[in-house]
Amino acid sequence: QRLRMEHAEGDVGEVLIERIDLVRSKPVTMPALDREHDPLTQNMVKMSAGSFMMGGEPGVPDEMPLHKVSISAFEIGRLEVTNAEFERFMPEHRKYRDEFSWRDSDPVIYVSWQQAAKYCNWLSIQAGLPTVYDEETFAIKNIRSGYRLPTEAEWEYAASGRGEGRVYPWGNAHFDPTLCNANSRGTTPVGSYPAGASRDGVMDMAGNVAEWCTDFFHPYSKDLETDPCVLVQGEFRSIRGGSWGYYNKSQRVADREFNSQVYPGYYYIGFRIVLPAEAALPNR
């Protein structure tokens, strides 16, 4: 078969194809997740049950009222989910790597809330656990059954030191830009700021990427709450933790942000995972 070829600059030529060989290929499959040996699920930090005062500064309406919350035990990802980890679930997402997040170990960005929820379901399936999210409606089937996004309360409980009331994950001192990736030009590999870790060694809870939470974004209740998660339908899902591009005030553990769950992703937003204690392996 003779094909006419035209160069981008206008040069024209022809090529003669004399033979085409068909080569049998095998489909590529991603390896199953081994919960006992996989570095992602091994890299979880256990959070004991407890209570804390949730909320922030007077004068910031969406952080008030300050209210007491009791939390059941759970595990939380020590690190934000990386490009390499997310691409095990969605290999085609690699095309979104850019100057803001390009390394395997950078936190994944351009991920919608719904994609993050589907990733959590995928982890649960790989681990032989029931899935949390209905992927048609994105309603919660059983919030304590498998991997999912943290609730706002779980996230703040971990970031504030499990009852210590920390203003930042590292403590109550003034904002220190050497302790997190903030006001920079892009993400850094996860865990790059160990001195800015939480009381329990959870990394990047201030800066790097802001993180999706399970809850819909609504005003706080003033009542004593146990394991709150706002599932009343709303326009927005909650986001925590500030990012590499947010102003300093967004690094405070009490700061709240939000966006639509169908928002196609942004270079400031990523996520981390949690696993309720009821779903965790006995030896973890």
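## A word on the overall build of the protein chain
Here comes step 1: In terms of regular secondary structure, the protein chain is built from four helices and 12 strands.
Here comes step 2: By the burial criterion, 50% of the 284 residues in the protein chain qualify as buried.
Here comes step 3: Looking at the protein chain alone, contacts between residues at least 24 apart form 66% of all its contacts between residues at least 6 apart.
Here comes step 4: Here the protein chain has roughly 14,100 Å² of accessible surface; of this, 53% comes from carbon and sulfur atoms.

## Quick notes on the pairing of strand β7 (residues 210-216)
Here comes step 1: The buried fraction of β7 amounts to seven of the seven residues, a majority that puts the element mostly inside the structure.
Here comes step 2: Pairing of β7 with strand β11 (residues 269-270) involves two bridges; the strand directions are parallel. Directly across from glutamate 211, in β11, lies its bridge partner glycine 270.
Here comes step 3: Relative to strand β9 (residues 237-240), β7 runs antiparallel, the two sharing three bridges. Of the residues in β9, the one forming a bridge with phenylalanine 216 is arginine 237.

## Some details on helix α3 (residues 113-126)
Here comes step 1: Its 14 residues place the ends of α3 20 Å apart at the C-alpha level, agreeing with the 20 Å of an ideal helix rising 1.5 Å per residue.
Here comes step 2: Residues Trp113, Ala116, Ala117, Tyr119, Cys120, Asn121, Trp122, Leu123 and Ser124 constitute the buried set of α3.
Here comes step 3: One or two steps after α3, the chain reaches glycine 128, where phi turns positive at roughly 75 degrees.

## Some points on unusual backbone geometry
Here comes step 1: Residue methionine 64 is joined to proline 65 through a cis peptide bond whose omega torsion reads 5 degrees.
Here comes step 2: Summarising the element assignment, proline 65 is placed in the loop between β4 (50-54) and β5 (67-71).

## Brief notes about the sheet that holds β5
Here comes step 1: Overall, mixed pairing links the three strands, which are arranged β4-β5-β8 in an open sheet. Each end of this open sheet is capped by a strand with a single partner; those strands are β4 and β8 (225-226).
Here comes step 2: Most of the contacts of helix α4 (residues 152-159) go to β4, to which it runs at about 95 degrees, and overall it touches β4 and β5.

## Examining the confidence of the model for the protein chain
Here comes step 1: Of the residues in the protein chain, 83% have a pLDDT of 70 or more, and the chain-wide mean is 87.
Here comes step 2: In the model, residues 2-13 has pLDDT below 50 throughout and makes 16 contacts with residues more than four positions away in sequence or in other chains.
Here comes step 3: Within the model, pLDDT remains below 50 along residues 25-33, and this stretch shows 11 contacts once partners closer than five positions in the same chain are excluded.

## Points about the sheet that holds strand β3 (residues 44-47)
Here comes step 1: With respect to topology, three strands assemble into an open sheet ordered β3-β6-β12, the strand pairing being antiparallel. Strand pairing shows two members of the sheet lacking a second neighbour, β3 and β12 (274-276), which therefore form its edges. Between one strand and the next, the sheet's axes are offset by a mean angle of 20 degrees, whatever the strand orientation.
Here comes step 2: On top of the sheet, α4 reaches β3, β6 (74-77) and β12; it is set at about 75 degrees to β6, its chief contact.

## As for α4
Residue pairs spaced three or four apart in an α-helix point in one direction, given the helix's 3.6 residues per turn.
Here comes step 1: Of all eight residues in α4, eight are buried, a share of seventy percent or more.
Here comes step 2: For α4, every residue scored as buried is listed here: Glu152, Ala153, Glu154, Trp155, Glu156, Tyr157, Ala158 and Ala159.
Here comes step 3: Looking one or two residues beyond α4, the residue adopting positive phi is glycine 161, at roughly 90 degrees.

## Brief notes about the side chain of arginine 240
Here comes step 1: Mapped onto the elements of the fold, arginine 240 is located in strand β9.
Here comes step 2: A polar atom in the side chain of arginine 240 sits 2.8 Å from the side chain of tyrosine 220.
Here comes step 3: Aside from chain neighbours lying at most four places away, what touches arginine 240 is Met54, Glu152, Trp155, Glu156, Ala210, Glu211, Cys213, Tyr220, Val253, Ala254, Asp255 and Arg256.

Definitions and limits used
Residues numbered from 1 in each chain as written. Predicted model: local features only at pLDDT ≥ 70, side-chain atom pairs only at ≥ 80, totals over all residues. Heavy atoms only, no water. Helix = DSSP H or I, 4+ residues; strand = E, 2+ residues; numbered from the N terminus. Buried < 20%, exposed > 50% of the residue type's maximum accessible area, 1.4 Å probe, protein only. Contact = heavy atoms within 4.5 Å. Areas by Shrake-Rupley, 256 points an atom, 1.4 Å probe, with all protein chains shown as cover. Pairing = 2+ DSSP bridges. Expected span 1.5 Å × (residues − 1). Axes fitted to C-alpha atoms, helices over the stretch in contact; angles between N-to-C directions. pLDDT = per-residue confidence, 0-100. Polar contact = N/O pair within 3.5 Å; in protein donor to acceptor, adjacent residues only side chain to side chain.

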